[in-house]
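Examining the three-dimensional arrangement
Each chain, letter by letter, is given below.
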Amino acid sequence: MRITNIAIYTHDLTVAQGMYRMSHSAITTLQSTLVKITSDTGLVGWGETCPVGPVYQPQHALGAQAALIQMAQGLIGADPTKIGVLHHRMDGLLTGHNYAKAALDIAAHDLTGKFFNVPVAELIGGALTNRVPAYFSISAGSPEATAETAAMRVAEGYRRLQLKISGRPVQDDIAAVRAVAQRVRGAVRLVVDANRGMLMRDVIELSSQCEDIPFILEQPCNMLEENVAVRQRVRHPVYLDESTENTSVVLHTVGQQLCDGFGMKVTRVGGIRPMSLVRDVCQIRSMPHTVDDSWGGDIIAAACVHVGATVRPDLYEGTWIAEPFTGPTYDPRNPVRVVDGVTPVPEGPGLGVLPDEHLLGAPIAEF
Ligand code: 0XW
Ligand code: MG
């Protein structure tokens, strides 16, 4: 099979509740970037990448589009079913920019699955489940509002909650964590995510003042070294998220035992193939992790849950998808959505989602 055409689209995603607040940013709308790969068989594959604004990680929507435009012409004629070779070819066209390469990697998996008539999960080891555990991420707010949302989401069936903290006095974070724990203690696994926003001093304060509350501290500080150092000073397990910028950092932090787990993002590490490698490295050292992305529509959600379905259940911390905030996006007939705290893996070959192209308009570039 050969790639005959690559089309790049953009699509704006709004935040249903108006705003999603984390650390130092408030998100109201996001631009997602989609790619459609057409092959000489007539089959097409879809991919997506959607940085959650320009300051969450060193990635942004316009960067994704520029990187895809840079690579696209050089990928015409490539065999999309040879995904390792495709990555080699992408690396020969552009260094870095994993999050843009991820969109092409996801599209190639979708196309390969359709070609062999199997779901993506079957291409990467095989599914262990057809319903993956979801977790809910609560936008930073007052202790009362955060506890109220937590109780509501537990009632909906979520068994893991992530609270956004930081960007405000640490006493406010402590009050929010205490209020949530009081309300839902025991019913869920709690994760407290500072999205790089805290000083080591404040992380130590938070952990010591909440010593009686079990929770995971996710990416409390900005730099990898700060997170590694603060982990020695707190009682709570420390997971890395934004710091794991590529598979090399994952290998280093797992190998050196520099963290207790990961909030892992598929597009950050370069797509489904590198994420499968992360899964396997984590399994070798019994390291728990999520399989998420920073944001995105049905295509990203499908990619995440297909990988999630292949993760050993005792190491799998679940998958966050943007659907509860964004609503169904490109596939109105078969959207990926959370139901009672779990997300069914889409059925059918490839990713199992098919975007309605009318919703996307004309491509911004085509090769
Ligand atoms: C909760 N998420 C998976 C979605 C937001 O973009 C941030 C992210 C995280 O864990 O940092
Ligand atoms: Mg995180």
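Note that the coordinates shown come from a computational prediction; the quantities given were computed from them, not determined experimentally.

**Looking at the coordination of the magnesium ion (ligand 2)**
Taken together, the protein ligands of the magnesium ion (ligand 2) are Asp 193 (OD), Glu 218 (OE) and Asp 241 (OD), with distances of 2.0 to 2.2 Å. The sequence pattern formed by the donor residues of the magnesium ion (ligand 2) is D-x24-E-x22-D. Remark: Asp 241 occurs in the loop between β11 (238–240) and α9 (247–255) and Asp 193 occurs in strand β9 (residues 189–193); sequence separation between them is 48 residues. Pair check on accessibility: Asp 193 and Asp 241 agree, each one buried.

**Some remarks on the nonpolar core**
Counting 93 residues, the largest nonpolar core has Leu 161, Leu 206 and Trp 295 as the members making the most contacts within it. For this core, the element with the most residues is helix α12 (residues 298–308), which contributes eight residues. For Trp 295, the contacting residues outside a window of four places in its chain are Leu 13, Val 15, Tyr 20, Leu 30, Cys 50, Val 52, Ile 300, Trp 320, Ala 322, Phe 325 and Thr 326. Counting residues in each nonpolar core, the second largest holds 23 residues, with Ile 37, Leu 86, Met 90 and Ala 107 among its members.

**Let's talk about the pattern of salt bridges**
Counted under the stated rule, the structure contains 20 salt bridges. Close ionic contact of Glu 148 with Arg 183 constitutes a salt bridge, the shortest N to O distance being 3.3 Å. Of this pair, Glu 148 sits in helix α5 (residues 143–156) while Arg 183 sits in helix α6 (residues 170–184), and the two are 35 residues apart along the sequence. Overall, the relative accessible area of 44% leaves Arg 183 in the partly exposed class. The salt bridge involving Asp 260 is made with Arg 231; its shortest N-O contact spans 2.9 Å. Placement of the pair is Asp 260 in the loop between α9 and β12 (261–262) and Arg 231 in helix α8 (residues 224–231), with a sequence separation of 29 residues. Residues joined in a network through salt bridges with shared partners are Asp 241, Lys 265, Arg 268 and Asp 292.

**Examining the packing of aromatic side chains**
Inspection of the entire model under this criterion finds nine aromatic pairs. Here Tyr 20 and Trp 295 contribute two aromatic rings whose centre-to-centre distance is 5.3 Å and whose plane-to-plane angle is 65 degrees, an arrangement assigned as edge-to-face. One end of the pair, Tyr 20, is in strand β2 (residues 20–22); the other, Trp 295, is in the loop between α11 (272–284) and α12, with 275 residues separating them in the sequence. As far as burial versus exposure is concerned, Tyr 20 and Trp 295 are alike and both buried. Through pairs of rings, three or more aromatic residues link up here, namely Tyr 20, Phe 136, Tyr 158, Trp 295, Trp 320 and Phe 325. In this structure, Arg 160 packs its charged tip against the face of Tyr 135, placed 4.6 Å from the ring centre.

**Side note on the sheet that holds strand β1 (residues 3–14)**
Pairing in this open sheet of four strands is antiparallel, and the strands run β5-β4-β1-β14 from one edge to the other. In the strand order of this sheet, the two ends are held by β5 (44–49) and β14 (365–366), each with one partner. Bridging between β1 and β14 involves two bridges; their strand directions are antiparallel. By the bridge assignment for β14, Ile 8 is matched with Ala 365. Lying over the sheet, α12 contacts β4 (29–39) and β5, oriented at roughly 95 degrees with respect to β5.

Reading guide: rules and limits
Residues numbered from 1 in each chain as written. Chains lettered and ligands numbered in written order. Predicted model: local features only at pLDDT ≥ 70, side-chain atom pairs only at ≥ 80, totals over all residues. Heavy atoms only, no water. Donors = N, O, S within 2.8 Å, 3.2 Å for Na, K, Ca; no water. Helix = DSSP H or I, 4+ residues; strand = E, 2+ residues; numbered from the N terminus. Buried < 20%, exposed > 50% of the residue type's maximum accessible area, 1.4 Å probe, protein only. Core = buried A, V, L, I, M, F, W, Y, C linked by side-chain atoms within 4.5 Å. Contact = heavy atoms within 4.5 Å. Salt bridge = Lys/Arg side-chain N within 4 Å of Asp/Glu carboxyl O. Phe/Tyr/Trp six-rings, centres within 6.5 Å; stacked < 30°, edge-to-face > 60°. Lys NZ or Arg CZ within 6 Å of the ring centre and 35° of its normal. Pairing = 2+ DSSP bridges. Axes fitted to C-alpha atoms, helices over the stretch in contact; angles between N-to-C directions.

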